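Descriptive structure summary
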Amino acid sequence: MPDAPEASIPAASQRGGYSAEARMDSPSAEAGVPAFRHSRLQRLADRWARLGFLACSLLVVGLIGGILFFLATRGLAAFLPLAGNTGRVLSFSEVFLSADWAPSSDRFGILPFIAGSLGVTGLALLIAAPAGVLTGVFIAKMAPAWMRNLMRQVMDLLVGIPSVVYGIFGLTVVLPLVSRTWLEDAPASGFAVSALILAVMIVPTIVSLSTDAFESLPSSLDEGAQALGSSRWQAIWRVLIPAARPRLLTATVLGLGRAIGEAMAVQMVIGNNPQWIALMRESTDRAPFLRALFTPAATLTTELVQELPNTAAGSTWNNVLFAMGLLLYLLTMVLILATRRLGRGREA
Amino acid sequence: MLIPTVPETKPIKLSVRDMAFSYGQKKILDGLSMDIHAERVTAIIGPSGCGKSTFLKCFNRIHEVSTDVKVSGDMQIDGVDIYRGGIDVVDLRRRVGMVFQKPNPFPKSIYENVAFGPRLFGVQDRTTLDGIVEDALRKAALWEEVKDRLKESATGMSGGQQQRLCIARALAVNPEVLLMDEPCSALDPIATAKIEDLIGELKESLTIVIVTHNMQQAARVSDYTAFFWLGKLVEMDLTERIFTTPRVQMTEDYITGRFG
């Protein structure tokens, strides 16, 4: 469906410039009577409008393609001797399979950032997906009408809050609170608080989409289950959630996409420590469980924000950062494609 | 209100006395009384919006899924008030099964659809479940068509098969009463004929109450027919009498198509 406009515009303009719709819809065309034609001026305006739309869509496609091309050439420069590349050519394994990140000593293992991104995102989903889906059930199937309307509007508002606001909240409220309450004033930055902030950020998206998913289910399913003797909860758990599963997965994947790409909010609370794997392994001052949750860490996005401005274009360091950007881009693409697939599964 | 005056050998299964139903401020049903006999098919006819479906849904209290409704008067199953305080709604719904207007199979396999009710009531043993599923599908005249594809999704079946699956699903918990809310309105004539044959077989062991828009259907399948108009029972009698010599002019006008 997305490529339909590009495909149909040139095809239509080759037909001599008058509206294809007018020709097809005219019942007289079949009877051999000349088709209805617009005035000269209208046809001219029509042709220019088509050109305008075509130009706009080409611009958008071009921009997206351009970004991918730019990212790919700069990112792949870390591994290939491309023109203008002043940095060292690295092997895939010393970048993707090494946890040793020390750019000043020429060591570029990005495993800590990949693990950091996956860890924070996974943890955030673990909190946000059940909370979001159950809130969706509540709004769609249990709340009285006035509350349903209120909750929907609140969720839509929350989706629009800029991520930096969540970051400030995390930095000035959650971090000190956690540190004071559970950690005897030791710093609380790390996976736990980052995942919590991310979860709060993506819950509204998941709630919104799950509510839609449950509202779009025919009420006959609910009635059918209850007519067989299901309790409210059994009907929800055994029939409604399974029936909505494809759309709930889509909701979760969209939340996941937002979480994995988030930089600002996470950067403000995660502690930005590229050596977190080593630190976690060596430190003994906390129980292993707490250590995993409260060791300052870093992710792909936070590291990009943190270091990109300080590196020279074309240097090895700079190239590796672009490779990280490319990786993020590809991850997001995979997620979007997965969402599409899930969405199609629903209609089948 | 006119009630049948013929001798009946079957006991009264469901009895309704002076029952009223309102939704918010709006009164949907008023002053209804009737007796429904076991192992008979009772059809409820009447124009759209006369409250037929609402009445049906009061027998298993499924209307309670939506809020803000009020039922008054007396509705009994085997002499026990179904709106009495300590009544167990889950048990009531096991005894009083329902088939809806549009087939509503769950998006699960054919097998899982039929096994849904028994599982709810705690049947876990695989062999027992297999037996219940086969039995229910046989009673619904569906077994031969689906026995080789029990694991396939129920949503891939034809509309008529889906509706018979919903009947099998209701039968799997061994109900005493089967409520059918225009069960053929979404089906083609062949599928409709199959369901009608099925109703004839099922009444051997069940009390059936069927709401229908189709007067030929009421004439074909039912023993008794009740005519509703604007939330009131106009007349109830043996089906053959309703369709040949109704006692109320309005009934005759309706069944001869003069209004409605």
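Parameters and conventions
Residues numbered from 1 in each chain as written. Chains lettered and ligands numbered in written order. Predicted model: local features only at pLDDT ≥ 70, side-chain atom pairs only at ≥ 80, totals over all residues. Helix = DSSP H or I, 4+ residues; strand = E, 2+ residues; numbered from the N terminus. Buried ≥ 20, exposed ≤ 12 C-beta atoms within 10 Å, placed from the backbone. Contact = placed C-beta atoms within 7 Å. Pairing = 2+ DSSP bridges. Axes fitted to C-alpha atoms, helices over the stretch in contact; angles between N-to-C directions. pLDDT = per-residue confidence, 0-100. Right-handed = clockwise from strand over helix to strand, strands pointing away. Nonpolar A, V, L, I, M, F, W, Y, C, P; charged D, E, K, R; others polar. Core = buried A, V, L, I, M, F, W, Y, C linked by C-beta atoms within 7 Å. Parallel < 35°, antiparallel > 145°, perpendicular 65-115°, else oblique. Left-handed = near helix turned anticlockwise from the far one by under 90°.

Let's shift gears to the environment of Leu82(A). All names here are of chain A. Note that leucine 82 resides in the loop between helix 3 (40–76) and helix 4 (92–96). Judged by the 14 C-beta atoms lying within 10 Å of it, leucine 82 falls in the partly exposed class. Sequence-wise, leucine 82 and glycine 190 are 108 residues apart; in three dimensions their C-alpha atoms are separated by 37 Å. Residue contacts for leucine 82: discarding those within four places in its chain leaves Thr73 and Ala77.

Before going further, it helps to spend a moment on the sheet that holds strand 1 (residues 12–23) of chain B. All names here are of chain B. In space, the four strands of this open sheet follow the order 2-1-4-5, with antiparallel pairing throughout. Taken across any chain shown, the strands that pair with only one partner, and hence form the sheet edges, are strand 2 (26–37) and strand 5 (80–81). Pairing analysis gives two bridges linking strand 4 (residues 69–77) to strand 5, with the strands arranged antiparallel. From the neighbouring strand, isoleucine 77 faces strand 5, where its bridge partner is valine 80.

Turning next to the sheet that holds strand 8 (residues 207–211) of chain B. Residue and element names in this part refer to chain B. What the six strands build is an open sheet, ordered 6-7-8-3-9-10; its pairing is mixed. Of all strands in the sheet, those with a lone pairing partner are strand 6 (96–99) and strand 10 (232–238), marking the two edges. When strand polarity is set aside, the average angle formed by the axes of neighbouring strands in this sheet is 20°.

With that settled, the discussion passes to the environment of Gln101(B). Residues and elements named next belong to chain B. By the secondary structure assignment, glutamine 101 is in the loop between strand 6 and helix 3 (110–120). Spatially, the C-alpha atom of glutamine 101 lies 6.5 Å from that of serine 185, the residues being 84 residues apart in sequence. Apart from residues no more than four positions distant in its own chain, glutamine 101 is found in contact with Asp181, Glu182, Ser185 and Ala186.

All right, on to the confidence of the model for chain B then. Summing up the model confidence of chain B, the mean pLDDT is 90 and the portion of residues at 70 or higher is 96%. Prediction confidence for the complex, expressed as pTM and ipTM, is 0.77 and 0.86 respectively.

Once that is clear, we can look at the pairing of strand 8 of chain B. Residues and elements named next belong to chain B. The buried fraction of strand 8 is high, at five of five residues. Side-chain alternation along strand 8 places Thr207, Val209 and Val211 on one buried face and Ile208 and Ile210 on a second face that is also buried. The pairing of strand 3 (residues 41–45) with strand 8 spans four bridges and is parallel. Following the sheet pairing, valine 41 is matched in strand 8 by isoleucine 208. Here strand 7 (residues 177–181) pairs with strand 8 via five bridges, running parallel. Bridge assignment links aspartate 181 to a residue of strand 8, and that residue is valine 211. In the classification by handedness, the crossover that spans strand 7, the intervening helix 7 (residues 189–202) and the parallel strand 8 is right-handed.

Contacts between the two partners involve 19 residues from chain B and, on the opposite side, 16 residues from chain A. Those elements giving two or more residues to the side of chain B that touches chain A turn out to be helix 2 (89–95) and helix 3 of chain B. By residue class, the composition of the side of chain B that touches chain A is eleven nonpolar, three polar and five charged.

Okay, the nonpolar core next. The biggest cluster of nonpolar side chains holds 146 residues, and the ones touching the most others in it are Ala124(A), Leu198(A) and Ala168(B). Sort the elements by how many residues they give to this core and helix 8 (residues 191–215) of chain A lands first, with 16 residues. Beyond its immediate stretch of four places on either side in the chain, Leu198(A) contacts Val120(A), Ala124(A), Ala259(A), Glu262(A), Ala265(A) and Val266(A).

Further remarks concern the packing of helix 9 (residues 219–227) of chain A against helix 10 (residues 232–261) of chain A. All names here are of chain A. Relative to each other, helix 9 and helix 10 sit at 150°, their axes nearing to 10 Å. It follows from the interaxial angle that helix 9 and helix 10 lie roughly antiparallel. Helix 10 is crossed by helix 9, and the crossing has right-handed handedness. Together, Leu221, Asp222, Ala225 and Gln226 of helix 9 and Ala235, Arg238, Val239, Leu240 and Ala243 of helix 10 make up the contact between the two elements. Residues that form the contact of helix 9 with helix 10 fall into these classes: six nonpolar, one polar and two charged.

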